[in-house]
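Structure at a glance
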Amino acid sequence: MAHNSDTIPRRMGNYWLQDRLGSGYSGSIFKARHVHDNTFVALKVQDIDHECPTNRYEQAIYPLLQGGEGMPRLWASGIQGKWHYLVISLLGRSLESIYRENLQWGHNRMDLRSVCSIAIQVIARLQIMHNREVLHRDIQLGNCAIGLTPEEDTIYMIDFGFSKRYIESHTRRHIPDSKEKRDFLGNYWFTSVNVHCKGKVPSRRDDLEAAALMFIHLLTPGGLSWTRNGVPKTDSAHDRIKRAKKNARPEDLCKGMPSEFEEFLRYCRRLKFFECPDYDHWKDEFQALAQDSGFTDIERFIWPPPPAPKVQPQAGRPAPTRPTIDADEMENVLKDLAKLQLNPPRPILGDQTNVPAPARRNDSKKASEIISVSDSSEDDESRPNGQPLPPCTPVRTKKASQLQKLKLSVLDSTDNAALAVAVEEFTKFLQLGSKTLTKEGFAFLDALYKQLADPSIFVLPLRTLRSVNREDDRAPQPAHVKLGVVARLRREVGIASSNRVLANLVADFGAVTNKSSGRTITKDGFAFLEGLAARLQALN
Ligand SMILES: Nc1ncnc2c1ncn2[C@@H]1O[C@H](COP(=O)(O)OP(=O)(O)OP(=O)(O)O)[C@@H](O)[C@H]1O
C-alpha cells in the first residue's frame, strides 16, 4: 500500500518525530524525541490498514527478546489515528550502510577482521533469538545495525516483521515440517536455498545459512554474483537469481577465502529441519580464525577497522614490496610454478637416496611462505576522507599455512622419527587453537596416509580426503558412532605392528572425523594422535 509520510503526525504518543532514518515496503522509521525527558528513540510507523501488518507482528516478538544482548528494547507501542507505531531503542548505522561506505572507499570486499567480528556477533544474536524460541527469517545486512556510542562495537538485530516462534506455545513442540511448497519469505540475496529455491518451511538452520551467505557476500569481491543486478523486476529475473543461488557450490562461492566460511556454509546445509545448531562451536571457529590471522579484540566490531597486523620483516633485511595480486592470480602463479618442476622430486620415506632432508626443509618453508602471502597492501594509501585503509583479507590464514607447512614436512620425512615429530606438532597445533579439522588438516592426514601406506608410489589418498562429494561419504553420523570408532583407534594405535597398519588407522580416523558433524577432534582423537606419534617412534 502506498505510504504518504506527509500525513504522519509530527507527534506520536509522547514523542516528537524528527529525521526519517529509513523506510521500507511496510512503513517508515523516524528518529524521535521524548516530549518530557528529551531522550531519543527510533519510532516505526505503519498504516493500520497495510496489507502486511509487520508492526503488529514485531510488537508480539519484541517482548520475547527483551534483555538479550544485541536486541533493541521496545519502549512503547500504540495506535494513533490511522497509524500503528513502535518505539524502540535508537541505534546507529546498518551493516548495509557500512558495506556501501566500504565500496565507496574503493574496496570491493570487506576485510577479514570485520567479517569475523560480524560472524561471531550475528551467530550469537541468532543463538539468543533461537534460545527464546524465535526465528528471524529475514537475515540481511540492512537488518543488522550497530549501537550508538558507547555501543558502536555491538551489532543489533532489527526488523522482526517476518519473525516467528518455532516452538508452538500450547503444545511446546517444534513447528512441523511440510512437503507442500510455500511462497518464498525472506530476501533475495541471503535467504537459504531450501526456503528460497525449494519453498521449504524455515527453521533455525535457515537463519544460519542466510548468515553464512551474508558473511561470504561480504568477503566476495563485488559481492555474491546473484546480487549484482539489483532487485529483480520480473519473474524471470527472480528465477535467474534462484537458479544461480541453487547451483552455486560452497567451494566455488568461497574460493580464495579462509576455509572456515566454506565449512560453515556446508554445516548449515547439512543441518536437519529440527536440529539445534552448534552456535558456540562456530563462534569459536571464527574467533580462532581471527586470532590465527593476528587480530585482537575480535568480539568488538570496530569500524573503520584497525590497521592490519603487520608481519615483522627479518632483522637487517628491508621489507619486500609486494606487487598487488589477487587470490585467483596467485593460484595461477602457484600452478605455473608447480609445472616448472625446478627441483628434483620430494624425498620420500622409503627412498633414502634423496637429497638430505635439511635442504628440502628449507624449500618447503619457502613454499609455505609463498602460499601464506596476504594481499594486504604495504602502501600507506589513505581513504578519500582520511581514514586508514581496512586490512585486506589474507589469501590463506595462518592456520592454513601452518598446516600446509606440516603437511610438507610429512612429505619430506625420510623416517618414522621425522613423521612422529610432524604428528606431535600437528597435535599440539590443534590442541592450542581451533580443534576443527579444516581441509588443510585433512590434507595433512592424506600426506601421512600416503607416507605410511607406501611412500615410494604416488597414492591418491581418497580415504582421508575431506572434499569427497559422494553422498554416502557426506552423510553425517551420530556423535556416539564417532566416539566409539575413535576410542577403538586410540586402543589399536598402541599395538600397531607396522606402518601399513598405522596407515589404515589414519585413514579410519580421517573418515570418521570427516563424517562427524563439527569435524572436531575429541579428547580420544588427541589421544589417538599422541599414541600415533609414540608408535611411530617405537617403530622407527
Ligand atoms: N532502531 C533503529 N535505530 C536506527 N535506525 C534504524 C532502527 N531500525 C531501523 N533503522 C533503519 O531503518 C531501516 C529500515 O528499518 P526496518 O528494516 O526495521 O524497516 P522495514 O520497514 O521493515 O524495512 P524493510 O521493508 O526494508 O524490511 C534500517 O535498515 C535502518 O537503517
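Residues numbered from 1 in each chain as written. Predicted model: local features only at pLDDT ≥ 70, side-chain atom pairs only at ≥ 80, totals over all residues. Heavy atoms only, no water.

**Re the pairing of strand β6 (residues 83–89)**
Most of β6 sits out of view: seven of its seven residues are buried. Two strands pair when backbone bridges link them, and strand β4 (residues 40–47) and β6 are joined in this way by seven bridges, in the antiparallel orientation. Across the sheet, residue V41 finds its bridge partner in β6, namely S89. Relative to β6, strand β5 (residues 74–80) runs antiparallel, the two sharing six bridges. The partner of S77 across the bridge, within β6, is L86. Hairpin remark: β5 followed by β6, antiparallel, with two residues in the connecting loop; positive phi at G81, about 60°. (Buried < 20%, exposed > 50% of the residue type's maximum accessible area, 1.4 Å probe, protein only. Helix = DSSP H or I, 4+ residues; strand = E, 2+ residues; numbered from the N terminus. Pairing = 2+ DSSP bridges.)

**Some details on the sheet that holds β6**
One open sheet holds the six strands; their spatial order is β1-β2-β3-β4-β6-β5, and the pairing between them is antiparallel. The open sheet is flanked by β1 (11–12) and β5, the only strands paired with a single partner. Both strand β3 (residues 27–34) and β4 contribute to a ladder of six bridges, which runs antiparallel. Note that in β4 the partner of A32 across the bridge is V41. Most of the contacts of helix α1 (residues 54–65) go to β6, to which it runs at about 40°, and overall it touches β4, β5 and β6. (Contact = heavy atoms within 4.5 Å. Axes fitted to C-alpha atoms, helices over the stretch in contact; angles between N-to-C directions.)

**A word on the packing of aromatic side chains**
The full count for this structure, using the stated rule, is 15 aromatic pairs. Between W105 and W303, the aromatic rings sit 5.8 Å apart at their centres with planes inclined by 10°, giving stacked as the arrangement. Linking W105 in the loop between α2 (95–104) and α3 (112–131) with W303 in the loop between α9 (279–292) and α10 (327–340), this pair joins segments that are 198 residues apart in sequence. With respect to burial, W105 and W303 carry one shared label: buried. Chaining the aromatic ring pairs together yields one cluster made of F215, F261, F264, Y267, W282 and F286. (Phe/Tyr/Trp six-rings, centres within 6.5 Å; stacked < 30°, edge-to-face > 60°.)

**Observations regarding the site of the ligand**
Taken together, 17 residues lie near the ligand, and K44, S89, L91, G142 and D159 sit nearest. Side-chain polar atom of K44 to an oxygen atom of the ligand: 2.7 Å apart, as the coordinates give it. About the coverage of the ligand: the protein hides 81% of its 610 Å² of free accessible area. Mapped onto the shell around the ligand, the elements with two or more residues apiece are β2 (15–24), β3, β4 and β6. Of the residues in the shell around the ligand, the class split is eight nonpolar, seven polar and two charged. (Near = heavy atom within 4 Å. Polar contact = N/O pair within 3.5 Å; in protein donor to acceptor, adjacent residues only side chain to side chain. Areas by Shrake-Rupley, 256 points an atom, 1.4 Å probe, with all protein chains shown as cover. Nonpolar A, V, L, I, M, F, W, Y, C, P; charged D, E, K, R; others polar.)

**Thoughts on helix α12 (residues 398–412)**
When the terminal C-alpha atoms of α12 are compared, their 21 Å separation across 15 residues agrees well with the 21 Å that a helix rising 1.5 Å per residue should span. For α12, a buried count of 11 out of 15 residues is recorded, marking the element as mostly surrounded by other parts of the structure. Buried within α12 are the following residues: K399, A400, S401, L403, Q404, L406, L408, S409, V410, L411 and D412. (Expected span 1.5 Å × (residues − 1).)

**Considerations on unusual backbone geometry**
Residue P150 follows T149 across a cis peptide bond; omega there is 10°. Within the element layout of this structure, P150 appears in the loop between β8 (144–146) and β9 (155–157). The phi angle at R172 is positive, at roughly 60°, despite the residue not being glycine. With respect to the helices and strands, R172 occurs in the loop between β10 (164–165) and α4 (193–196). Look at D297: it is not a glycine, yet its phi comes out positive at around 55°. By relative accessible area, D297 is classed as partly exposed at 40%.

**A few points about a positive patch on the surface**
Together, K179, K181, K198, K200 and K246 line one region of the surface with positive charge. Owing to a relative accessible area of 46%, K246 belongs among the partly exposed residues under this scheme. (Patch = residues over 30% accessible without salt bridge, like charges linked within 9 Å, V, L, I, M, F, W, Y side chains within 5 Å. Salt bridge = Lys/Arg side-chain N within 4 Å of Asp/Glu carboxyl O. Lys, Arg positive; Asp, Glu negative; His and termini not counted. Charge placed at Lys NZ, Arg CZ, Asp CG, Glu CD.)

Distances and angles like these do not, on their own, reveal function.
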